[in-house]
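# Per-entry structural report
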Amino acid sequence: MRSFPAEFSDLLNSKGRKWMADHTAGSRPPARNGFFELIDGIMDPATARSCIGLLDRSLYPLLRPYVDRIPRGSISGMTRNYSESLPKTMSMKTCILLSRRFREFEPAEAIGLVSMLRSGSLREFAEASTGLRLERPSPQVILYESGDYVGPHNDHHPQNDRVKNGFVDLHIMFGNDAVEHQWLVYEEERHLKKIRDVNLKGGVAVYRLPFWHYTTPLAARPGREKQARRWLLLASFEIARRVGRAA
Ligand SMILES: [Fe+2]
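Just so we're clear, the structure is a prediction, and the values are computed from it rather than from any experiment.

Now for the overall build of the protein. Each helix and strand counted, the protein has five helices and 13 strands in total. Compactness check: the protein gives a C-alpha radius of gyration of 18 Å against a globular reference of 18 Å for 247 residues, within 12% of the reference. In the protein, which comprises 247 residues, the share counted as buried stands at 47%. For the protein, contacts bridging at least 24 residues in sequence account for 83% of all contacts bridging at least 6. With an accessible surface of roughly 13100 Å², the protein has 49% of that area assigned to carbon and sulfur atoms.

Now the structure itself:
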């Protein structure tokens, strides 16, 4: 595999194509903030392995570390019991593909990645899952290696008019064979008590944000810490509010 297909739907197996056929536009009520769905088994293992090989070869060298630690003084600076607060902490690698101004854009598009993430069939998939009409997405790639994680956060952007009432993220996930586990923990009834396996090989996760969630540290199979990788291809969609929408 030298490049991604122009359409996301061309990555799908018969189960994935059936899922799309069974979930036509408008077949679900509009998802509210807090909606989360995992759709697995929709790509053949060989397809997922080919995607991983392509990402390893072509994209890995372009990634940048994206790291935010627990602030120094977050404990020693406390003066009152039970007053602790934790900003978003994380350790991962990323590659932002918003426009050609980003140096990673051209090499990512050379393997068809931006076009695939902006493809009509990927947007249709996200629309079918959420029952919402969505705009053209912003693409990004995230890579988790051994120990990489994201701490609790909610992805609310109250200063951004276009997404302050919610937006939809779709993740195409490719964990390789060296990954033992990685989990998404998210809120239900204002507790962080839901947990789902996100170490999928070609599965998709759909989020209507904001809601509280975190991703546990990636654990590698014993002795395979250096090889363990979970790729995450992300399309972030604004919710359409007008008649008609951007092409
Ligand atoms: Fe998040």
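Having seen it, we continue.
Around the iron ion, the protein contributes the donor atoms His 153 (NE2), Asp 155 (OD) and His 213 (NE2), at 2.1 to 2.2 Å from the metal centre. All donors of the iron ion come from a single chain, and their spacing in sequence reads H-x1-D-x57-H. Separated by 60 residues along the polypeptide, His 153 in strand β5 (residues 149-153) and His 213 in strand β11 (residues 213-215) bring together distant segments of the chain. Comparing His 153 with His 213 shows no difference in burial state: the two are buried.

Of the consecutive residues Leu 209 and Pro 210, the connecting peptide bond is found in the cis state with omega at 5 degrees. Structurally, Pro 210 can be placed in the loop between β10 (201-209) and β11. Unusually for a residue other than glycine, Asp 155 sits at a positive phi of about 60 degrees. Of note, Asp 155 is situated in the loop between β5 and β6 (167-175).

For the rest of this paragraph, the subject is the pairing of strand β3 (residues 90-96). Across the seven residues of β3, five count as buried, placing the element largely inside the fold. Pairing of strand β2 (residues 64-68) with β3, which is carried by five bridges, proceeds in the antiparallel orientation. From the neighbouring strand, Arg 64 faces β3, where its bridge partner is Thr 94. Both β3 and β5 contribute to a ladder of two bridges, which runs antiparallel. Note on β5: the bridge partner recorded for Ser 91 is Tyr 149. With four bridges joining them, β3 and strand β4 (residues 138-145) adopt antiparallel strand pairing. What sits directly across from Cys 95, in β4, is Val 141.

Another aspect to go through is the packing of aromatic side chains. Applying the stated criterion across every chain yields a total of six aromatic pairs. Measuring from ring centre to ring centre gives 4.9 Å for Phe 36 and Tyr 207, while their planes differ by 70 degrees; the resulting arrangement is edge-to-face. Note that Phe 36 is positioned in strand β1 (residues 36-39) and Tyr 207 in strand β10, a separation of 171 residues in sequence.

A few words on the pattern of salt bridges. The final tally for this structure, using the stated rule, is 13 salt bridges. A salt bridge links Arg 64 to Glu 104, with the nearest nitrogen and oxygen atoms 2.8 Å apart. Of this pair, Arg 64 sits in strand β2 while Glu 104 is found in the loop between β3 and α3 (105-110), placing the two residues 40 residues apart along the sequence. Among the residues examined, Glu 104 registers a relative accessible area of 2% and is labelled buried. Note that Glu 106 is salt-bridged to Arg 100, the shortest N-O span being 2.8 Å.

What counts as what
- Residues numbered from 1 in each chain as written.
- Predicted model: local features only at pLDDT ≥ 70, side-chain atom pairs only at ≥ 80, totals over all residues.
- Heavy atoms only, no water.
- Helix = DSSP H or I, 4+ residues; strand = E, 2+ residues; numbered from the N terminus.
- Rg over C-alpha atoms; globule rule 2.2 N^0.38 Å.
- Buried < 20%, exposed > 50% of the residue type's maximum accessible area, 1.4 Å probe, protein only.
- Contact = heavy atoms within 4.5 Å.
- Areas by Shrake-Rupley, 256 points an atom, 1.4 Å probe, with all protein chains shown as cover.
- Donors = N, O, S within 2.8 Å, 3.2 Å for Na, K, Ca; no water.
- Pairing = 2+ DSSP bridges.
- Phe/Tyr/Trp six-rings, centres within 6.5 Å; stacked < 30°, edge-to-face > 60°.
- Salt bridge = Lys/Arg side-chain N within 4 Å of Asp/Glu carboxyl O.

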